[in-house]
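# Chains, contacts and geometry: an overview
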Amino acid sequence: MKRAWWKESVVYQIYPRSFCDSNGDGIGDLKGITSRMDYLQKLGINVIWMSPVYKSPNDDNGYDIADYQAIMDEFGTMEDFDELLLEAHQRGIRIVMDLVVNHTSDEHAWFVESRSSRENAKRDYYIWREAKDGREPNNWGSCFSGSAWEWDETTQMYYLHCFSKKQPDLNWDNPEVRDRVFEMMTWWCEKGIDGFRMDVISMISKPEGLPDGTVAEGALYAGSGMTCNGPHVHEYLQEMNRRVLSRYDIMTVGETAGVTVEEAKKYANAEGTELNMVFQFEHVGLDGGAVDKWSRNKIYLPALKENLTKWQRELAGVAWNSIFFSNHDQPRVVSRLGDESPRSAKCIATMLHMMQGTPYVYQGEELGMTNCPFGPIENYRDIESINAYRELTEAGLREPQELLSCIAYKSRDNARTPMQWDGSPNAGFTSGTPWIMVNPNYREINAEKELADPDSVFYYYQKLIGLRRRSEWSDLIVYGDYELLLPEHEAVYAYTRSLDGRRLLVLCNLSAQETQAKLPAELAGGPKAVLIANTEKAPRLGETVTLEKWQCAVYEI
Ligand code: TEU
Ligand code: CA
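Residues numbered from 1 in each chain as written. Chains lettered and ligands numbered in written order. Predicted model: local features only at pLDDT ≥ 70, side-chain atom pairs only at ≥ 80, totals over all residues. Heavy atoms only, no water.

### A closer look at the overall build of the protein
Counting its regular elements, the protein contains 15 helices and 20 strands. Against the compact-globule benchmark of 24 Å for 557 residues, the protein has a radius of gyration of 23 Å, which places it among compact chains. Expressed as a percentage of the 557 residues in the protein, the buried residues total 62%. A sequence separation of at least 24 residues applies to 71% of the contacts in the protein between residues at least 6 apart. Here the protein has roughly 20,600 Å² of accessible surface; of this, 48% comes from carbon and sulfur atoms. Side-chain charges of the protein comprise 59 positive and 84 negative groups, with the mean position of each set lying 4 Å from the other. (Helix = DSSP H or I, 4+ residues; strand = E, 2+ residues; numbered from the N terminus. Rg over C-alpha atoms; globule rule 2.2 N^0.38 Å. Buried < 20%, exposed > 50% of the residue type's maximum accessible area, 1.4 Å probe, protein only. Contact = heavy atoms within 4.5 Å. Areas by Shrake-Rupley, 256 points an atom, 1.4 Å probe, with all protein chains shown as cover. Lys, Arg positive; Asp, Glu negative; His and termini not counted. Charge placed at Lys NZ, Arg CZ, Asp CG, Glu CD.)

In structure tokens form, the structure reads like this:
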């Protein structure tokens, strides 16, 4: 297994809009992030991935970029960015930018030109089609409801937008588009950034002829799966790698919606001809509904174990895993897999952080921050939730109260409430009026309180990160082989990690009930060491182990 710094890293994702507001306008900003750099260094992470900070009208909170080489007004200035980069580097923390190049904002200069006339030199920077029988060119739906096509009066044609109508898809088949994107990426690399997280990068190559997709029972349009892992996607990423990525010591992670293990072996191949790793979404799709994500299904643990084990086994030695359950698009994992108790937060974290791959900690996850009781749809801010509520209720496809309870459980806004710094008004996030409601539990769950409590979720994450990055078990945790135990057990997630004759046993009772687990005889002996546990005493190992609710421990055996 080839060593690499990005394999030995722990990444912290910041959603700048909700992290820390330095000027009282209720919106997080770059100076706010810089002011919290010591907190991040204390946690022990060594890479920060920031969601987009570029100029944007914020139709999708920065994932609609109007100028890739300018900073969003609300977030500050390029000088503020340079200061943040320096402060991070001085602490040994690398900065990974969010690269959103499947689409731009409709306010980007390229699109303003492209839509001005059919003959404009930049017309083919985007995907324009004539109406078909007087309507949209195909039956694709936008991820944010409605058709994926928007009619443009000026030039009497439709343009494609897999997300909001203010996020027109770039035409990656046009070599000029690739040139412009690679020039911009080079500009950021020359500034000294340390990598890219690539937004929906699996969608940049559309299927030939843009054919209709299948409209699922209960849906209004064909899903975005049609656009994932398209015919030229690997060709374009290999070109990006040759022309930009391979020239810098940077880290790259693809957000590859719809990726399979087979595709991931190409995107994240060990030869390094494309990206270092990818985010897969099968595990966070296990509690989806029949048609879309709006359900309250719970994830069945054996199914989760089977899926994560597939990814651990299949990529071992041929590619590299990212490990996450939280980000700005996912509900809070302690509400989704746990019971919102600190002990369940630590148990989930242990299950994830002891696997092979690069772990990603999402802002507030290290505190055990939970989903937020938003209540009425008016309290939501996320375009995905608001549009889904309107479309599905107006079409009579979902009953409003039932849908609202599913939105409460799965909305991306659950991850976007302000970071809870302390028990002061607005959780210390802002001295102004926050752009989105603060979770009412901020007095119980906040960084200041947890920094004063040695038994807090924060210090548990600090210890987990320390074990991976700076301990005698680091190589074993980063590079050791993964082997699942007890595949059928409905409460316990147990696995081993092995390297050069040393072995770890990870035991997590991911349930609210005490349970027993039978261990293979050779694992039942007294451990050489207990690396970490979320209870005073780790469970005693034997043929049968009794685990309290949400109890976990990691042993060297
Ligand atoms: O997300 C892409 C994506 O797959 C999301 O639509 C995800 O499937 C959905 O939000 C889950 O409910 C990326 C960004 O992470 C997201 O924040 C952006 O809204 C989206 O792309 C468009 O840029
Ligand atoms: Ca601000």
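Additional details are given in the paragraphs that follow.
### Digging into the environment of Trp-187
Here Trp-187 shows up in helix α5 (residues 175-190). Trp-187 gets classed as partly exposed once you look at its relative accessible area, which sits at 31%. When the C-alpha atoms of Trp-187 and Glu-208 are compared, they prove to be 32 Å apart, with 21 residues separating the residues in sequence.

### Some words on the site of ligand 1
Around ligand 1 lies a shell of 16 residues, among which Asp-60, Asp-199, Lys-293, Asp-329 and Arg-412 are the nearest. The side chain of Asp-199 places a nitrogen or oxygen atom 2.8 Å from an oxygen atom of ligand 1. A distance of 2.9 Å separates an oxygen atom of ligand 1 from a polar side-chain atom of Glu-384. The protein chains hide 89% of the 490 Å² of surface that ligand 1 would expose on its own. (Near = heavy atom within 4 Å. Polar contact = N/O pair within 3.5 Å; in protein donor to acceptor, adjacent residues only side chain to side chain.)

### Thoughts on the coordination of the calcium ion (ligand 2)
Only Asp-21 (OD), Asn-23 (OD1), Asp-25 (OD), Ile-27 (O) and Asp-29 (OD) from the protein coordinate the calcium ion (ligand 2), and they sit 2.2 to 2.4 Å from it. Considered as a linear motif, the donors of the calcium ion (ligand 2) on their single chain read D-x1-N-x1-D-x1-I-x1-D. No difference in accessibility class separates Ile-27 from Asp-29, as the two residues are buried. (Donors = N, O, S within 2.8 Å, 3.2 Å for Na, K, Ca; no water.)

### A few points about the domain arrangement of the protein
With domains assigned, the protein is organised as domain 1 (11-104 + 175-460), domain 2 (109-160) and domain 3 (480-556). Computed from C-alpha coordinates alone, the two centres of domain 1 and domain 3 are separated by 30 Å. Tallying the contact residues gives 23 residues for domain 1 and 28 residues for domain 3. Of the roughly 2,200 Å² buried where domain 1 meets domain 3, counting both sides, 63% is carbon and sulfur surface. Among the residues of domain 1 in contact with domain 3, Lys-305, Arg-343 and Met-354 are the three that bury the most area, contributing 30% of the side total. The tally of links from domain 1 across to domain 3 stands at 2 salt bridges. Between Glu-548 and Arg-343 there is a salt bridge, with the nearest N and O atoms lying 2.9 Å from each other. (Domains from an automatic or database assignment. Buried area = accessible area lost by both parts, 1.4 Å probe. Salt bridge = Lys/Arg side-chain N within 4 Å of Asp/Glu carboxyl O.)

### Thoughts on the pairing of strand β5 (residues 94-99)
Within β5, 5 of the 6 residues are buried, leaving the element largely enclosed by the surrounding structure. Strand direction decides the pairing type here: strand β2 (residues 47-50) and β5, joined by 4 bridges, are parallel. By the bridge assignment, Ile-48 is partnered in β5 with Ile-95. Two strands pair when backbone bridges link them, and β5 and strand β9 (residues 195-198) are joined in this way by 3 bridges, in the parallel orientation. (Pairing = 2+ DSSP bridges.)

### Here's the deal with the nonpolar core
One finds Met-185, Phe-196 and Tyr-493 to be the most contacted residues of the largest nonpolar core, which totals 156 residues. The greatest single-element share of this core, amounting to 8 residues, is contributed by helix α14 (residues 457-469). In this structure, Phe-196 is in contact with Val-96, Met-97, Leu-99, Met-185, Trp-188, Cys-189, Leu-245, Ile-250, Met-251, Thr-252 and Val-253, ignoring residues within four places of it in sequence. Tyr-158, Phe-163, Ala-222 and Ile-383 belong to the second-largest nonpolar core, a separate cluster that totals 15 residues. (Core = buried A, V, L, I, M, F, W, Y, C linked by side-chain atoms within 4.5 Å.)

### Considering the sheet that holds strand β20 (residues 552-556)
What the 5 strands build is an open sheet, ordered β14-β15-β16-β20-β18; its pairing is antiparallel. With one partner strand each, in any of the chains shown, β14 (481-485) and β18 (529-533) form the two edges of the open sheet. Pairwise comparison of adjacent strand axes, ignoring direction, gives a mean angle of 20° for this sheet. In the packing of helix α10 (residues 342-353) onto the sheet, the strands contacted are β15 (492-499), β16 (502-509) and β20, and the crossing angle to β16 comes to about 145°. (Axes fitted to C-alpha atoms, helices over the stretch in contact; angles between N-to-C directions.)

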